[in-house]
Amino acid sequence: MPMHPQTARYLEMLAPLTTLDGPEPTLPETRRMLEATLRALPIRRRELPHVADLAVPGADGAVPVRLYRPEPPGGAPLPALVYLHGGGWVLGGLDSVDAACRDLAADTGCVVISVGYRLAPEHRFPAAVRDAWAVTAAVARDPGRFGADPAAVAVAGDSAGGNLAAAVALTARDRGLDLAHQLLVYPVTDTAMDTPSYAAYGTGYGLDAAGMARCLEMYRGDADPADPLLAPLRAPDLSGLAPATVITAELDVLRDEGEAYARRLAEAGVPVELRRYEGVVHSFFLLPEHFDAAVDAMRFAVRRLRAAFAAAGAAGAGGRQEKRLPSASSPGR
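On a predicted model such as this, the values are computed, not experimentally measured, just so you know.

Chemist: Got a minute to help me understand the overall build of the protein chain in this structure?
Modeler: When you go through the protein chain residue by residue, the secondary structure sums to 11 helices and 8 strands. A compact globule built from 333 residues would reach a C-alpha radius of gyration of about 20 Å, and the protein chain, at 19 Å, matches this within 12%. By principal-axis analysis of the C-alpha atoms, the protein chain measures approximately 60 × 40 × 40 Å. Within the span of the protein chain, comprising 333 residues, buried residues form 53% of the whole. With the model as given, the accessible surface of the protein chain reaches about 13,300 Å², and the carbon-plus-sulfur share is 53%.

Here is the structure:
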């Protein structure tokens, strides 16, 4: 499908914010550029009754989180969604997905816990996975602190955050925590970077192949490229994982590996629904002001999450409470 006119306008707007004269920017400069870009983009942030910054104990220190609640504190427990931001494991943070987390909380009727996991290269794999798991396990172990229903906990993430959400889902299965759902938005699922979408959309579409390779190198370090917590697509067994929703963008280097992961989940017997959005690029999901497709994708994600939480609630917490609660220990090295 041809590039959507909204995509063309977005790329034109993005060009002067990301084009530099001179040498390749350092990582601190790139992080400052991202912050400046976020400030420059017109992003609407919904008001919620309760938004609070907290810290969750992790295996390697406190993990900052931001809690979003669509109802005032003290009410009935709500389903909980642990959200992992994108940014190639080296960029982004709580502020970069603030608007999306507000929308997910308000429209799904759930508590959203956004995770400020440690970034590479200062903290390489599996640091981010360890932080993501620590927060997910804490929500299940101590739901009262978050106003959460421990029988209805899901994970979500975009891009590198989708990679972390998939890693958490794998860890949850292996640690005995039944997640209600995993929402994976154009996730990184492999380390090979050799798919047709990498060849077709590697330059000029927002997320360049070369930039993705640099991010992966900084995050991976000397880890095994086939480690399932780094490359979920290479996991030998995907059976027993939480039901999934996978969202991809047509004009995105990550499209093919995200769709391959959805196919492998289905082949393993995991309920999954895949939806590709045509004519749009990476990051569209977070930009409803620029992409009509983002509005539709958010509605789709909300419908899937609401259905998953309803099913978890119908199943009841009794059977789940008989299982051991997830360990605070973290996966990886």
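Chemist: How should the packing of aromatic side chains be read in this particular structure?
Modeler: For any pair of aromatic rings, geometry is given as the distance between the ring centres together with the angle between the planes. Considering all chains together, one arrives at 7 aromatic pairs under this definition. Taking the centre distance of 5.4 Å and the plane angle of 45° together, the rings of Tyr277 and Phe284 count as tilted. A relative accessible area of 7% places Tyr277 in the buried class. The structure contains a cluster of three or more aromatic residues connected by ring pairs, namely Tyr10, Tyr186, Tyr277, Phe284 and Phe291. In this structure, Arg275 packs its charged tip against the face of Phe300, placed 3.9 Å from the ring centre.

Chemist: Would you mind showing me how to read helix α4 (residues 127–141) here?
Modeler: An α-helix turns once every 3.6 residues. As a result, residues three or four positions apart point the same way. Here α4 is 15 residues long and its end C-alpha atoms lie 21 Å apart, about the 21 Å a rise of 1.5 Å per residue gives. The buried count for α4 comes to 14 of 15 residues, which makes it a mostly enclosed element.

Chemist: Explanation requested: the pairing of strand β3 (residues 78–84) in the structure shown.
Modeler: Successive side chains on a regular strand alternate, one facing one side of the sheet and the next facing the other. Most of β3 sits out of view: 7 of its 7 residues are buried. Of the strand pairs in this sheet, β3 and strand β5 (residues 148–158) are connected by 6 bridges, and their pairing is parallel. Residue pairing in the sheet places Leu81 in a bridge with Ala154 of β5. As defined by bridge partners, β3 adjoins strand β4 (residues 111–115) across 5 bridges and the pair is classed as parallel. Directly across from Tyr83, in β4, lies its bridge partner Ser114. Handedness of the crossover joining β3 and β4 through helix α3 (residues 98–108) is recorded here as right-handed.

Chemist: Honestly, the packing of α4 against helix α6 (residues 160–175) in this entry has me stumped. Any pointers?
Modeler: The relative placement of two packed helices is expressed as an angle between their axes plus a distance between the axes. Following both chains from N to C, one finds α4 and α6 inclined at 60°, their axes separated by 9 Å at the closest point. Considering the angle they form, α4 stands oblique to α6. Of the two possible hands of crossing, α4 and α6 adopt the one that is right-handed. Contacts between α4 and α6 involve Ala128, Val129, Ala132, Trp133 and Thr136 from the first element and Leu164, Ala167, Val168, Thr171, Ala172 and Arg175 from the second. Here the contact of α4 with α6 is built from residues that sort into 8 nonpolar, 2 polar and 1 charged.

Chemist: What am I meant to see in the sheet that holds β3 here?
Modeler: Two orientations exist for strands paired in a sheet by backbone hydrogen bonds: parallel and antiparallel. Overall, mixed pairing links the 8 strands, which are arranged β1-β2-β4-β3-β5-β6-β7-β8 in an open sheet. For this open sheet the edge positions go to β1 (50–58) and β8 (272–281), each flanked by a neighbour on one side alone. Strand-to-strand twist across the sheet, computed as the mean angle between neighbouring axes with direction ignored, equals 20°. Of the strand pairs in this sheet, strand β7 (residues 244–251) and β8 are connected by 7 bridges, and their pairing is parallel. In the sheet register, Ala244 faces β8, and the bridge partner there is Val272. Sitting on the sheet, α3 touches β1, β2 (61–69), β3 and β4, and the angle it makes with β2 is about 50°. In this fold α6 packs onto β3, β5 and β6 (181–185), with an angle of close to 140° to the strand it touches most, β5.

Chemist: What am I meant to see in the pattern of salt bridges here?
Modeler: A side chain with one charge can pair with a side chain of the opposite charge if their charged atoms come near. Applying the stated criterion across every chain, the model contains 19 salt bridges. Of the charged contacts, one joins Arg46 and Asp103 as a salt bridge, the two residues approaching to 3.4 Å between their closest N and O atoms. Taken together, the residues Arg46 in the loop between α2 (27–40) and β1 and Asp103 in helix α3 connect sequence positions 57 residues apart. A residue is classified by how much of its surface remains accessible, and Arg46, at 27% relative accessible area, is partly exposed. A salt bridge links Glu273 to Arg275; the shortest N-O distance between them is 3.8 Å. A residue is classified by how much of its surface remains accessible, and Glu273, at 30% relative accessible area, is partly exposed. Shared partners join several salt bridges into a network, and the residues in it are Arg45, Asp53, Arg66, Asp95, Asp98 and Arg102.

What counts and how
Residue numbering note: each chain is counted from 1, following its sequence as written. With pLDDT at 70 or above as the cut-off, local features in this predicted model cover only qualifying residues; side-chain atom pairs require 80 or more to be listed or tallied, and sums for whole chains, interfaces and linings still use all residues. Side-chain numbers come from the whole structure's heavy atoms, not from hydrogens or water. Under the scheme used here, helices are H or I runs from DSSP no shorter than 4 residues and strands are E runs no shorter than 2 residues, and both carry numbers assigned from the N terminus. For this measure, only C-alpha atoms enter the radius of gyration; the expected value for a globule follows 2.2 Å times N^0.38, where N is the number of residues. Relative accessibility decides the category of a residue: with a 1.4 Å probe and only protein chains considered, values under 20% of the type maximum give buried, values over 50% give exposed, and everything between is partly exposed. We get accessible surface area from the Shrake-Rupley algorithm with a probe of 1.4 Å; when it comes to residues, only the shown protein chains can shield them. Only rings of Phe, Tyr and Trp enter the pairing, Trp through its six-membered ring, and a pair is recorded when the two centres are within 6.5 Å. The plane angle decides the type: under 30 degrees is stacked, over 60 is edge-to-face, the rest tilted. Ring-over charges, as used throughout, are those where CZ of Arg or NZ of Lys falls within 6 Å of the ring centre and within 35 degrees of the ring normal. Here the expected span of a helix is defined as 1.5 Å times the quantity of residues minus one. Only when DSSP finds a minimum of two bridges between them are two strands counted as paired. Assignment of crossover handedness uses the view with strands pointing away from the viewer, where a clockwise path from the first strand over the helix to the second indicates a right-handed crossover. Note on definitions: angles span 0 to 180 degrees between N-to-C directions of axes, and those axes are lines fitted to C-alpha atoms, for helices only across the stretch in contact. An angle below 35 degrees is treated as roughly parallel, one above 145 as roughly antiparallel, one from 65 to 115 as roughly perpendicular, and anything else as oblique. Here a crossing is taken to be left-handed if its near helix is turned anticlockwise relative to the far helix by less than a right angle, and right-handed if that turn runs clockwise. Whether two residues touch is decided by their heavy atoms; if any such pair falls within 4.5 Å, the residues are in contact. Note on residue classes: Ala, Val, Leu, Ile, Met, Phe, Trp, Tyr, Cys and Pro are nonpolar, Asp, Glu, Lys and Arg are charged, and everything else, Gly too, is polar. A side-chain nitrogen of Lys or Arg and a carboxyl oxygen of Asp or Glu constitute a salt bridge if their distance falls within 4 Å.

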